[in-house]
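Each chain, written out:
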Number of protein chains: 2
Amino acid sequence: MFSTEIYRQRRERLQSKIKSGLILFMGNEEVGMNFLHNAYKFRQDSSFLYYVGIDLPHLGVVIDIDNNKETLFGNDLTIDDIVWTGPKDAMKDWGTKTGIQDIRKYDEIISILQSAYRSGRTVHFLPPYREEHTLKLHEWLGIPPQVCADKASVELIKAIVSMRSYKQPEEIEEMEKAVDISTEMHELFMKALRPGKTELEVAGLAEGLAVSAGGQLAYPAILTVSGETLHIHARNIIMQSGQMALCDIGAETGMHYAGDLTRTAPVNGKFTNLQKDMYNMILNIQLAAIDACHPGILYKDIHALSGEMLLEGLKGFGIIKGDIKEALAADAHTLFFQCGLGHMIGLDVHDMENLGEQYVGYTEDAPKKMNFGWKSLRLGRALEPGFTITVEPGIYFIPTLIDMWRSENKLSDFINYAELEKFKNFGGIRIEDEVLITENGHRILGNKMPPKTVAEMEAIQQH
Amino acid sequence: MFSTEIYRQRRERLQSKIKSGLILFMGNEEVGMNFLHNAYKFRQDSSFLYYVGIDLPHLGVVIDIDNNKETLFGNDLTIDDIVWTGPKDAMKDWGTKTGIQDIRKYDEIISILQSAYRSGRTVHFLPPYREEHTLKLHEWLGIPPQVCADKASVELIKAIVSMRSYKQPEEIEEMEKAVDISTEMHELFMKALRPGKTELEVAGLAEGLAVSAGGQLAYPAILTVSGETLHIHARNIIMQSGQMALCDIGAETGMHYAGDLTRTAPVNGKFTNLQKDMYNMILNIQLAAIDACHPGILYKDIHALSGEMLLEGLKGFGIIKGDIKEALAADAHTLFFQCGLGHMIGLDVHDMENLGEQYVGYTEDAPKKMNFGWKSLRLGRALEPGFTITVEPGIYFIPTLIDMWRSENKLSDFINYAELEKFKNFGGIRIEDEVLITENGHRILGNKMPPKTVAEMEAIQQH
């Protein structure tokens, strides 16, 4: 946990942004994998971590704005708990650590919420992302499961986004740690990569390192020779010489800040000429995109810049033809770059995604475009100092998608399908780093970056 | 997956055991860690795996007994799914693999269940262990969330237990694999163990190995210098010379069969004399307990035998006094051995625990004892050929528990509290292997066992 003062101040600021009613923070519960007591690694809700900081299951916090009163709900351990899970701090000690005096048994949260809700007061809560949330809201407030998400408090969402978007110095420190562990994981990946190994064999080493460093993976490991598939998980598939392995892995620190880096390396340690050319094209786009990051610029404009550079590059390969600006305006780039250039990152790898992309990545005067490609851009708004974001351009040759577009003869003024056919099984490349927006520009996070140029990557793979 | 024939036969046998109505198998869903699309590693429900075998989320199977009809509910991928997660088999191909012809869209399961349920037919379902199950039962059948567990079908539970308890040859083969990977994890643990490392540092290596081998941990890693705490997870705590580290880790194979082994090793590679004596006492109990395993014997009798040997051994340390049989009858051993000697193991590390211990580990004529210590024995019934179980005696000096008993002067005719005080911070030891009950006796699972004697363990730690 950070110091008590940090949590107290955060809650105070939050209170000042909400007019009236009660704020409900539902701590997360343990989730049984295959039976109740064989639970997944516990992951606390990120907003609960941000405002309360207690990393334990079965807790709730209610902030009564109108009466300026905070209450922490949770149970002390029984002797049976101590036998099975060891002695732990008492609830009142946890209260002290987070700066809340009023501590009550967990179940008391129900009557307090019910009586407030029934008397017409507003209970502000966040949109559910686990069925446990839906069930609590249903049982506590009588909200039908289907509409729980709609009843979430936009006022609370906006208030939280207006705070969590701007990282505090101690948060940035944790995020540097997350990047540094992630960098180690990528170095391990590059050193371990060999023809004959399975994707999971190498991914396991990186996952183990995240645990050894006191945390876990920030998201399921993408380590794959099918790099064209955006969110494929590592499989029990043997990697072959001549293939590239795309590795998108990041550590979550013990404090639950996420790292998120991607590198794409040749399985046998040596890029082919074509791979090298494609790789350098993406690397140049990534460097230009990072370079463009500064306060005030719309991130969707940097995304568009990347799309334009990609089309320009693909023209060099004979895949794209015609006017590049026109091709971009027609979204020709989305055949090769179906996802977004990047996203906010913090306590969540897609920071605050559960609060709603329209509030986190966009603003009312610049809403999200919902057409293919653009709809997957999670961040479009103007960058501001204190934002931490990823910059991750890529190229993805997806055979099914290419076949679909070709069969429709889609954008054939710009796309040379005959030439493209030769690249259909090329796979995918992505290069990703994390960037902090500063007052004057940006800073790449991490004390060290994993090898990124062709020369650097081929060198480390020789080890 | 196993062959189609296996799943078809299993469902046929299951059908023959249920008189009438519909059997509902709810496949598991993805669970968001910190937001919807950042999900935990998907874990299919074990009974779904056993009877259907398809290891994917968002599926359901309904077996209509009265009309002898099986239906698989699930959706084919959209182009968006393919872009993000890659091409996958169509639902009809999955149907072929598991031997079900009738395939329908996922949402159609609702009307089919509702119309059956409303017309008074029985819908047999298993007890929920995730809120997603409760919510489905509530939304599909209108069952209030609080009573879903009570409405589970005892007939279905008993039928499943009568099948899953007896492992088939191809299951035993998978379980040997799970043990073999777990053995490698334990060897890695012993080789990596050093003063100055954290618990998580070493646990991470073992966890990584489980992933590299194509699976994952079968349960959260217990790797701790606080071995007296039964289910404590590995922590960010530095291990010291003189301490012992208890390592209870097991791999789940790609087919989801669990391994579960425990070893307790000195952090600096050398047992002290006292540690060696205590260790050998537990080792002798474990060897005797394994030796006692054969068809017909009540497992609770082997548990009692272990308790008796433990009391006898502790008499040698001056901790126990008086008549051993009387001390055992008075449950004096439960101060040191608060848990059970072992449990069924298979697709779940505590096999079928979600179906209810009273049906899995006990029988109506020999129900579970609910007093302290005995209530944690998950398996009491007579062993039968085909059962796979763990044998895991241990000794646990839990300071809080000792202080509590001492303050009550509990069983002071048998417990020498003054002497016990000297051992209060000794910690804990557990030794665990997996055993298959055969026609004539038993066989320890695994092609190789991790080092187990003091000499073997000290030898591998020198590497």
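Residues numbered from 1 in each chain as written. Chains lettered and ligands numbered in written order. Predicted model: local features only at pLDDT ≥ 70, side-chain atom pairs only at ≥ 80, totals over all residues. Heavy atoms only, no water.

**Student:** How should I be thinking about the overall build of chain A in this particular structure?
**Tutor:** When you go through chain A residue by residue, the secondary structure sums to 16 helices and 17 strands. Against the globule reference of 23 Å for 463 residues, chain A gives a C-alpha radius of gyration of 24 Å, in line with a compact fold. Dimensions of chain A along its principal axes, counting C-alpha atoms only, are 70 × 50 × 45 Å. A total of 463 residues make up chain A; the buried ones form 60% of that total. In chain A, once contacts between residues fewer than 6 apart in sequence are set aside, the share between residues at least 24 apart is 75%. (Helix = DSSP H or I, 4+ residues; strand = E, 2+ residues; numbered from the N terminus. Rg over C-alpha atoms; globule rule 2.2 N^0.38 Å. Buried < 20%, exposed > 50% of the residue type's maximum accessible area, 1.4 Å probe, protein only. Contact = heavy atoms within 4.5 Å.)

**Student:** Help me understand the UniProt feature "domain: Aminopeptidase P N-terminal" (unreviewed entry) in chain A in this model?
**Tutor:** What UniProt calls "domain: Aminopeptidase P N-terminal" (unreviewed entry) maps, in this numbering, to residues 2-134 of chain A. Secondary structure across residues 2-134 of chain A divides into 38% helix and 20% strand, with the first and last C-alpha atoms of the span separated by 30 Å. (UniProt positions renumbered as here; feature names shortened; annotations may be inferred.)

**Student:** Help me understand the domain arrangement of chain A in this model?
**Tutor:** Note: interface size is frequently given as the accessible area lost on complex formation between the parts. Residues and elements named next belong to chain A. Domain annotation for chain A reports domain 1 (4-164) and domain 2 (169-461). A separation of 34 Å is found between the C-alpha centroids of domain 1 and domain 2. In total, domain 1 and domain 2 occlude about 1,600 Å² of area from one another, counting both sides; carbon and sulfur atoms represent 55% of this. Three residues, Arg43, Val161 and Arg164, lead the burial of domain 1 against domain 2; their summed loss comes to 33% of the area buried on that side. (Domains from an automatic or database assignment. Buried area = accessible area lost by both parts, 1.4 Å probe.)

**Student:** Just checking my understanding: could you explain the interface of chain A and chain B for this structure?
**Tutor:** Contact with chain A, which involves 67 residues of that partner, is made by 67 residues of chain B. Note on chain A versus chain B: buried area summed over both sides is about 5,500 Å², and carbon and sulfur give 61% of it. Applying the counting criterion to the chain A and chain B interface returns four salt bridges. In this structure, Lys41 of chain B engages Glu207 of chain A in a salt bridge whose closest nitrogen and oxygen atoms are separated by 3.3 Å. For the interface between chain A and chain B, the tally reads 27 residue pairs in polar contact (both at pLDDT 80 or more). If you list the elements that add at least two residues to the side of chain A that touches chain B, you get strand E2 (32-35), strand E3 (38-39), helix H3 (79-85), helix H6 (131-141), helix H9 (199-212) and helix H14 (399-408) of chain A. Counting residues per element, the side of chain A that touches chain B draws most heavily on H9 of chain A, at eight residues. Partitioning the side of chain A that touches chain B into residue classes produces 29 nonpolar, 25 polar and 13 charged. (Salt bridge = Lys/Arg side-chain N within 4 Å of Asp/Glu carboxyl O. Polar contact = N/O pair within 3.5 Å; in protein donor to acceptor, adjacent residues only side chain to side chain. Nonpolar A, V, L, I, M, F, W, Y, C, P; charged D, E, K, R; others polar.)

**Student:** I'm lost on the layout of surface pockets in this one. Help?
**Tutor:** Empty space within the second largest pocket amounts to approximately 250 Å³. Taken together, 15 residues line the second largest pocket, and the ones lying closest to its centre are Leu205 of chain A together with Leu205, Gly208, Leu209 and Ser212 of chain B. Looking at the lining of the second largest pocket, the elements with two or more residues in it are H9 of chain A together with helix H8 (169-192) and helix H9 (199-212) of chain B. Residues belonging to the lining of the second largest pocket are distributed by class as follows: seven nonpolar, five polar and three charged. (1 Å grid on protein atoms, 1.4 Å probe; cavity = no way out; pocket = protein on both sides within 12 Å on 5 of 7 lines; lining within 4 Å. Points joined across faces, edges and corners; volume = space filled by probe spheres on them.)

**Student:** Looking at this structure, how should I read the sheet that holds strand E16 (residues 433-437) of chain B?
**Tutor:** Note: strands within a sheet are paired through backbone hydrogen bonds, in either parallel or antiparallel orientation. Residues and elements named next belong to chain B. Read from one edge of the open sheet, three strands run E13-E16-E17, paired in antiparallel fashion. Across the chains shown, the open sheet's two edge strands, defined by having one partner strand only, are strand E13 (388-391) and strand E17 (442-444). The sheet shows a mean angle of 35° between the axes of neighbouring strands, taken without regard to direction. Bridge count between E16 and E17: three bridges; the pairing is antiparallel. By the bridge assignment, Leu436 is partnered in E17 with Arg443. The sheet contacts of H8 involve E13, E16 and E17, and relative to E16 the element is tilted by about 165°. (Pairing = 2+ DSSP bridges. Axes fitted to C-alpha atoms, helices over the stretch in contact; angles between N-to-C directions.)

**Student:** Explain unusual backbone geometry to me, please; I cannot follow it from the model alone.
**Tutor:** Glycine aside, a negative phi is what most residues show, and trans is what most peptide bonds show. Of note, the phi angle at Asn409 of chain A is positive, near 55°, even though the residue is not glycine. Note that Asn409 of chain A resides in the loop between H14 and helix H15 (417-421). The phi torsion at Met352 of chain B lies on the positive side, around 65°, for a residue other than glycine. Summarising the element assignment, Met352 of chain B is placed in the loop between helix H12 (324-329) and helix H13 (357-360). Residue class for Met352 of chain B comes out buried when judged on its relative accessible area of 0%.

**Student:** Just to check I follow, could you spell out the sheet that holds strand E16 (residues 433-437) of chain A for this structure?
**Tutor:** All names here are of chain A. If you trace the three strands from one edge of the open sheet to the other, you get E13-E16-E17, paired in antiparallel fashion. Across the chains shown, the open sheet's two edge strands, defined by having one partner strand only, are strand E13 (388-391) and strand E17 (442-444). Pairwise comparison of adjacent strand axes, ignoring direction, gives a mean angle of 35° for this sheet. In the sheet, E13 pairs with E16 via four bridges, with the strands oriented antiparallel. When the sheet's bridge partners are listed, Thr388 is paired in E16 with Leu436. In the packing of helix H8 (residues 169-192) onto the sheet, the strands contacted are E13, E16 and E17, and the crossing angle to E16 comes to about 165°.

**Student:** What's the story with the relation of the copies chain A and chain B in this structure? I'm lost.
**Tutor:** Here the two chain copies are tied together by a rotation about an axis and a shift along that axis. Aligned on chain B, chain A shows an RMSD of 0.0 Å; the corresponding rotation is 180° and the shift along the axis is 0.0 Å. The relationship between the two copies is best expressed as a two-fold rotation axis. Taking the C-alpha atom as reference, chain A places Gly208 of chain A closest to the rotation axis, 2.0 Å from it. Both copies present the same face, since 100% of the interface residues in chain A are matched by interface residues at the equivalent positions in chain B. (Least-squares fit on C-alpha atoms with pLDDT ≥ 70 in both.)

**Student:** I keep staring at helix H7 (residues 154-164) of chain B and nothing clicks. Help me out?
**Tutor:** Since one α-helical turn is 3.6 residues long, residues separated by three or four positions face the same way. For H7 of chain B, the complete set of buried residues consists of Leu156, Ile157, Ala159, Ile160, Val161, Met163 and Arg164 of chain B. Contact partners of the buried residues in H7 of chain B: helix H1 (4-17), strand E1 (22-26), helix H2 (46-51), strand E7 (123-124) and H13 of chain B.

**Student:** What is the right way to look at the pairing of strand E1 (residues 22-26) of chain A in this model?
**Tutor:** Along any regular strand the residues' side chains alternate between the sheet's two faces. Residues and elements named next belong to chain A. Across the five residues of E1, five count as buried, placing the element largely inside the fold. Side chains Leu22, Leu24 and Met26 project from E1 onto one buried face, and the interleaved Ile23 and Phe25 project onto a second face that is buried too. Note: E1 against strand E7 (residues 123-124), two bridges, orientation parallel. Directly across from Leu22, in E7, lies its bridge partner Val123. Judged from the five bridges that link them, E1 and strand E4 (residues 60-64) form a sheet pairing that is antiparallel. Directly across from Ile23, in E4, lies its bridge partner Ile63.

**Student:** Explain the packing of helix H5 (residues 108-118) of chain A against H6 of chain A to me, please; I cannot follow it from the model alone.
**Tutor:** How two helices pack is summed up by the angle between their axes together with the distance between the axes. Residues and elements named next belong to chain A. Direction vectors running N to C along H5 and H6 enclose 65°, while the axes themselves pass 9 Å from each other. Contacts between H5 and H6 involve Ile109, Ile110, Leu113, Gln114 and Tyr117 on the former and, on the latter, Glu139, Trp140 and Leu141. Of the residues assigned to the contact of H5 with H6, the class counts are six nonpolar, one polar and one charged.

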